[in-house]
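Architecture and fold: a report
Chain by chain, the residues run as shown.
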Amino acid sequence: MELHKYKAHELKAMIKNKEVKVEEVTKAFIRNISKIDEKIGAYLHVSEEEALNSSKALDEKITKGEILEGLGGVPVAVKDNISVKGMQNTCGSKILQGYISPYDATVTKKIKENNGIILGKLNMDEFAMGSSNENSAFKKTVNPWNEMYVPGGSSGASAASVAAFEAPLSLGTETGGSVRQPASFCSVVGLKPTYGRISRYGVVAFGSTLDQVGVIGRDVEDCALLAQNISGIDNKDYTTVNIPVQAYKNNLVKDIKGKKIGIPVEYFGEGLNDNVRKTIDKAIKVLRENGAEVKECSLPLTQYALAAYYIISSAEASSNLGRFDGVKYGYRSKDTEDVVDLYFKSRSEGFGKEVKRRIMLGTYVLSAGYYDAYYKKSLKVRNLIIQDFQKVLNDFDAILSPTSPTPAFKFGEKTKDILSMYLSDIYTVPVNIAGLPAISVPCGFVNNLPVGLQFIGNYFSEATLFNLAYSYESSTDWHKFTAQII
Ligand code: GLN
C-alpha cells in the first residue's frame, strides 16, 4: 500500500519501528497533493519546504535514539483561520490576502512540540461562515466522493483533504457544526470538543462564545490521537479550563454494556431524509448489539436553536470582524480619500456576500432599538437550550442523532435559498449553543454519498464519545471505503 493511504496511528507505529522515515511519509503526502489537489481543491497553501525541513529534524532525533511521542512524526493539515507562524492566514477571505501570521496559534505550537508536521493551509468558507465551502473567496473544494457535490463547510477542505488522502489528520474549527457536518459529508471522523477544552489563541474569531477548534481523522483512533495532543488549559486563552486531558486513544473498547443513549424525538421529524433515517436506525441496532441501552428522549427547544444561533453568532461576528479595516491586516483599497473612505472601501471590496450579510444582521440585532427583542431574547433561549440538554444528559451518557438531515448537496443547490443552507446545521448548532462536545462518525451511504452518525455528550465527556464512536466503528466497515474520485 502507498504510504499516504495509511492512517495516522499506523504511520506513527511504522515510524517508531523504523520501517519508514518521517521524511518519506511527508513526501508521500506532498506527492499525492500535487497529483490530485488540482481536482479536489483542498489546499490554499502547501508548506513543502518547511514540512520537509521539520521532517528531517525529526528523523535526526530518531537517529539519535529518541522516540517520537505524541503525534510521532505524522503530518497535519490546518484550516486557514488557524495561525501558523510564517504562513498565510486568509480565512478564505480577500480581506486577509497577503497577511502572514507572525506567531503560532497554541494548537499549532502543540502540534509542533508533539512531533507533528504541518503540511499546509486549507480552504474554507470565508471567515467560517457557510455549510458548503462555496463561500471561499479563492477556490472550489469538491467532495471526494463525487465532484458534483459540496464537501460541506465551513471546514469542508479539512474533511475533503483527509478523505482524499492528502493529509492523515486535519484541524478545522466549529462555530455551529463546521467540523462535524463536513466530516459526515466526506465520510471521515470529526470531533467538536467541549467549549474550553482546546485553546483558541491564534484562531481567528467568528462567534467567540461558540468557537472551538475541532479535529478530523480517518478513524476514531486517529481523531482521538490528534485531540489528546492539542487539548488542555492555556494561559493565553482564559476560556480553557484546568481539567486533565485523558489519553482518549488508550480507552477505546467495543463493549459499551450499560451505556445509556438517548434518541431525541425532535431530531427525527420533518426535514430528515428518509434514507438517512433508515441508516441511523441500523446504527442504533449495532449499538444495542454492543450492549448500549437506547431509549427515546426529548429536547423540546430544538426548534428555536437555529434562530438563536444565527442571532448570537452574527452579533458576535459583527463585532469580531470590526478589526478588519484595511489598516492592520491584508487587503487595502487603493485611491481612497480619507480614513473613513479607506475603511469603507477596504471592507466593501474585501468581504464577500455572506460575511456582509452576517455583519448587517449582527449589527441590526445589537442596535439600541432591537437589542432586547433579538439579542437578549436569544441569550435567554440559549439558557433554556442548555437546560434542555442538561435534563437529558442527567439520565443518559450520550445523545444520538444524524449529523446532518441529508447527505451532501450539489454545488449551487442551496446558494439561492440561504435558509435551506442554514437548515443543514439543524442537528449541529444546538451543541455549540450549549458548549457541549459531539462527534460525527461514518455510518453508511445514501445514493453513494456518505452519512454521519452524531453522538453528543456532557461537558468534558470526550472520552465517552470517542468510545461510543469506536464501538460503532469497530462493528462496521464504513471507515474502510475509499472516496471515488481519487
Ligand atoms: N454553517 C454554520 C454557519 O454558517 C456553521 C459555521 C461554523 O461552524 N463555522 O454559521
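That block above? That's the structure.
Only a predicted model underlies this, so the values are computations on that prediction, with no experimental measurement involved. (Residues numbered from 1 in each chain as written. Predicted model: local features only at pLDDT ≥ 70, side-chain atom pairs only at ≥ 80, totals over all residues. Heavy atoms only, no water.)

1. Details of the sheet that holds strand β3 (residues 117-122)
Backbone hydrogen bonds are what pair the strands of a sheet, in a parallel or an antiparallel way. Note the threshold: Pairs of strands are assigned from DSSP output, requiring at least two bridges between the strands. Put simply, DSSP H or I for four residues or longer makes a helix, DSSP E for two residues or longer makes a strand, and each gets a number counted from the N terminus. Every angle, taken between N-to-C directions, lies between 0 and 180 degrees, and every axis is a line fitted to C-alpha atoms, over only the stretch in contact when it is a helix. Here, residues are in contact when the closest pair of their heavy atoms is within 4.5 Å.
The mixed open sheet is built from eleven strands, whose spatial order is β1-β3-β2-β4-β6-β5-β10-β11-β9-β7-β8. The open sheet is flanked by β1 (43-46) and β8 (293-297), the only strands paired with a single partner. The sheet shows a mean angle of 30 degrees between the axes of neighbouring strands, direction not considered. Here β1 runs beside β3; their pairing, made up of three bridges, is antiparallel. Paired with Tyr 43 across the strands is Leu 122, a residue of β3. Strands in contact with helix α3 (residues 48-63) are β1 and β3; relative to β3, the strand with the most contacts, it is inclined by about 165 degrees.

2. As for unusual backbone geometry
Note that the residue after Gly 153, namely Ser 154, is joined by a cis bond; omega there is 5 degrees. For Ser 154, the position within the fold is in the loop between β3 and α5 (156-163). Even without being glycine, Asn 115 reaches a positive phi, approximately 65 degrees. Tracing the sequence through the fold places Asn 115 in the loop between α4 (106-113) and β3. Not every positive phi belongs to a glycine, and Asp 335 is a case in point at roughly 50 degrees. Tracing the chain through its elements places Asp 335 in the loop between α9 (302-320) and α10 (339-350).

3. Some thoughts on the side chain of Thr 302
Within the element layout of this structure, Thr 302 appears in helix α9. If we skip the residues at most four places from it in the chain, Thr 302 touches Glu 266, Tyr 267 and Asp 388.

4. Let's talk about the site of the ligand
Going by this rule: Nearness is judged by heavy atoms alone; a residue qualifies as near a molecule or strand once a single heavy atom is within 4 Å of it. Here a polar contact means two N or O atoms within 3.5 Å. Within protein one must be a hydrogen donor candidate and the other an acceptor candidate, and residues neighboring in sequence count only if both atoms are side-chain atoms. For the accessible areas, the method is Shrake-Rupley and the probe is 1.4 Å, while residue cover comes only from the protein chains on display. Each residue gets one of three labels, nonpolar for Ala, Val, Leu, Ile, Met, Phe, Trp, Tyr, Cys and Pro, charged for Asp, Glu, Lys and Arg, and polar for the others, Gly among them.
As a structural note, the neighbourhood of the ligand is formed by 15 residues, with Gly 176, Ser 178, Tyr 309, Arg 358 and Asp 425 the closest of them. One of the backbone N or O atoms of Ala 128 is found 2.8 Å from a nitrogen atom in the ligand. The contact in question runs from a nitrogen atom of the ligand to an N or O atom on the side chain of Ser 131, over 2.9 Å. Burial of the ligand by the surrounding chains reaches 100%, relative to a free accessible area of 290 Å². Taken together, the residues of the shell around the ligand sort by class into five nonpolar, seven polar and three charged.

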